[in-house]
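# Analysis of the macromolecular model
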Amino acid sequence: MGQELLYLSAIEMRDQIIAKEISPVEVLEHSLERREEVDPALNCFVTTTDDMALEAAKAAERAIMDGDEPGLLHGIPISIKDLIAVGGVRQTFGSNAMAENIAAVDAPSVEQAKRQGALVIGKSTTSEFGCKPVGDSPVSGITRNPWNLAKTPGGSSCGAVASVASGITPFALGTDGGGSVRIPCSLTGLFGIKANFGRVPVFPVSATPTLAHVGPIARTVRDTALLLSAVSEFDSRDPFSVAGPVPDFLAACDRPVDGMKIAWSPTLGYASPLPEVAEICEQAVKVFEELGCNVDQVDQVMDCDPSDMWMAEFYAGVGTRLKGVLANAPDQLDPAVVEVLGGALDQTLDEYYSQVFLRYEFREKIRSFMQSYDLLVSPTLPVPAFDVGLNVPPQLKNANIISWVCYTYPFNLTGNPSASLPVGFTEDGLPVGLQLVSNAIREEDIFRACAAFEAACPWADKKPPLA
């Protein structure tokens with residue numbers, strides 16, 4: 001049973017559960033066995049919730065036996081990033097300063113996932129408060145990449161991608177305030193999407209409320225579409241929550257892509273990808289041309305790197321939340337996090353609001369540019385995975401803790417839907433991702449393009465070399 005379930009897609013798993021070929025309890029047992037087998041090497045989880053998952057699995061099994069209508073995620077194990085609240089469960093935010101914190105309520109995304117039948121098996125690791133795009137934190141230590149245990153899986157949704165890439169769960173919920181879903185998906189060969197800002201409601205209020213997204217991570221495009229469908233629903237607790245019907249993301253995966261207009265930008269105007277990464281992404285773009293898309297190469301999408309305006313917003317928010325800890329117990333925090341938070345809090349009100357208004361100008365420029373295209377495509381990252389314990393890839397000179405993820409944070413500033421699509425491997429066997437950005441509220445365009453690419457160049461059969 002275990003080998004048959006290993007790396008089964010969520011959709012296949014759900015179909016077999018509904019057909020009574022396997023039971024949710026059996027699925028859960030397999031998931032927990034796999035976690036026990038590989039998590040000591042990977043370090044995906046900071047808190048486990050086996051009793052909660054078993055109770056949900058038994059309820060899902062009873063529902064099937066009683067002939068009740070199954071949920072979208074019926075009986076499927078899932079991990080929840082430790083920046084997302086699960087009521088009654090420890091929520092550390094990756095920080096010793098919050099090591100004993102217990103979440104009061106479920107986040108809307110967790111509430112919805114449970115309602116649709118998902119089995120929450122634990123809280124996945126994150127860098128401290130999501131402040132670093134690599135996979136370590138003071139409270140949980142180093143999380144490792146299933147493709148190479150000496151490499152980082154990226155962050156801050158490090159445990160989420162490790163749990164999926166290693167076959168513990170078929171999908172996971174992560175967060176993305178500057179790329180924290182797309183970055184680790186690129187480094188671990190997974191598909192993940194930051195839907196339109198507000199599509200998945202966020203509550204309790206994030207420290208970075210104008211940047212924060214909750215996003216699904218999976219091994220296939222359709223599994224990601226399934227999870228996004230399950231957790232996307234208007235919630236009045238989030239003032240940015242998107243109202244109106246949720247699009248049919250699964251149906252979008254079956255739509256043709258012939259005639260789609262794509263802007264391909266290797267650098268966005270300022271990035272410097274490694275030659276091997278650029279070549280792999282270039283070959284992927286040719287696949288879209290072969291599928292019938294109209295592709296224009298656009299070298300100068302942006303006038304300059306918008307990292308300063310992103311850092312001013314993100315780190316000021318987290319820093320304000322942590323002012324007491326920074327002042328009284330900074331040794332409880334990651335030194336690299338202390339450094340960036342201190343710099344953000346040193347900015348004057350005039351400096352901060354100057355960046356806020358620049359952000360709105362930037363958003364309008366991107367909106368105007370995107371009117372000519374269905375998708376903007378770029379590398380997700382300029383590099384493949386690098387060694388654990390480092391905050392910045394050594395191949396990139398003069399990069400700081402955030403500027404090395406130069407392709408992802410622009411689209412948290414604008415709120416556009418953005419995804420990372422697995423498109424190949426380096427000579428060292430490390431995954432490379434391609435970023436796809438759509439117009440506002442047009443996630444369907446990302447799903448139709450990515451599903452077509454997946455059909456042409458499937459990747460889910462490729463497994464990391466874990467024992």
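Structure's up top.
Residues numbered from 1 in each chain as written. Predicted model: local features only at pLDDT ≥ 70, side-chain atom pairs only at ≥ 80, totals over all residues. Heavy atoms only, no water.

Note that soluble globular proteins tend to have their nonpolar side chains buried in a common cluster. In this structure, Phe171, Phe191, Phe288, Leu421, Leu434, Leu436 and Phe447 are the most contacted members of the largest nonpolar core, which totals 70 residues. Look past the residues within four positions of Phe171 in its chain and what remains in contact with it is Ala10, Leu73, Ile76, Pro77, Ile78, Ser79, Val164, Ile217, Ala218, Asp223, Leu226 and Leu227. Core analysis: the second largest hydrophobic core is formed by 52 residues, Leu211, Val301, Val337 and Val383 among them. (Core = buried A, V, L, I, M, F, W, Y, C linked by side-chain atoms within 4.5 Å. Buried < 20%, exposed > 50% of the residue type's maximum accessible area, 1.4 Å probe, protein only. Contact = heavy atoms within 4.5 Å.)

Inspection of helix H5 (residues 108-115) places Pro108, Ser109, Val110, Gln112 and Ala113 among the buried residues, and these make up the whole buried set. Residues of H5 that are buried sit in contact with strand S2 (77-81), strand S6 (171-175), strand S8 (214-218) and helix H8 (221-231). Trailing H5 by a residue or two, Gly117 shows a phi angle of about 100°, which is positive. (Helix = DSSP H or I, 4+ residues; strand = E, 2+ residues; numbered from the N terminus.)

This part takes up the layout of surface pockets. Reported here for the largest pocket is a volume of approximately 620 Å³. Considering the residues around the largest pocket, the lining is formed by 39 residues, among which Leu83, Phe93, Val205, Ser206 and Ala207 are closest to the centre. Sorting elements by how many residues they give to the lining of the largest pocket places helix H11 (residues 307-321) first, with four residues. Classifying every residue of the lining of the largest pocket gives 24 nonpolar, 12 polar and three charged. (1 Å grid on protein atoms, 1.4 Å probe; cavity = no way out; pocket = protein on both sides within 12 Å on 5 of 7 lines; lining within 4 Å. Points joined across faces, edges and corners; volume = space filled by probe spheres on them. Nonpolar A, V, L, I, M, F, W, Y, C, P; charged D, E, K, R; others polar.)

This paragraph deals with the pattern of salt bridges. A side chain of one charge can pair with a side chain of the opposite charge if their charged atoms are brought near each other. Tallied over the entire structure, the rule returns 20 salt bridges. Here Lys132 and Asp334 are joined by a salt bridge, their closest N and O atoms 2.8 Å apart. Here Lys132 is found in the loop between strand S3 (119-124) and strand S4 (136-137), whereas its partner Asp334 is found in the loop between helix H12 (323-328) and helix H13 (335-345), with 202 residues between them in sequence. Classification of Lys132 by relative accessible area gives buried; the value is 3%. Residue Arg199 is joined to Glu443 by a salt bridge in which the shortest nitrogen-to-oxygen separation is 3.0 Å. A residue pair is termed long-range when its members are at least 10 positions apart, and Arg199 in the loop between strand S7 (191-194) and S8 and Glu443 in helix H16 (residues 443-456) qualify at 244 residues. Residue classification places Glu443 among the buried residues on the basis of a relative accessible area of 0%. (Salt bridge = Lys/Arg side-chain N within 4 Å of Asp/Glu carboxyl O.)

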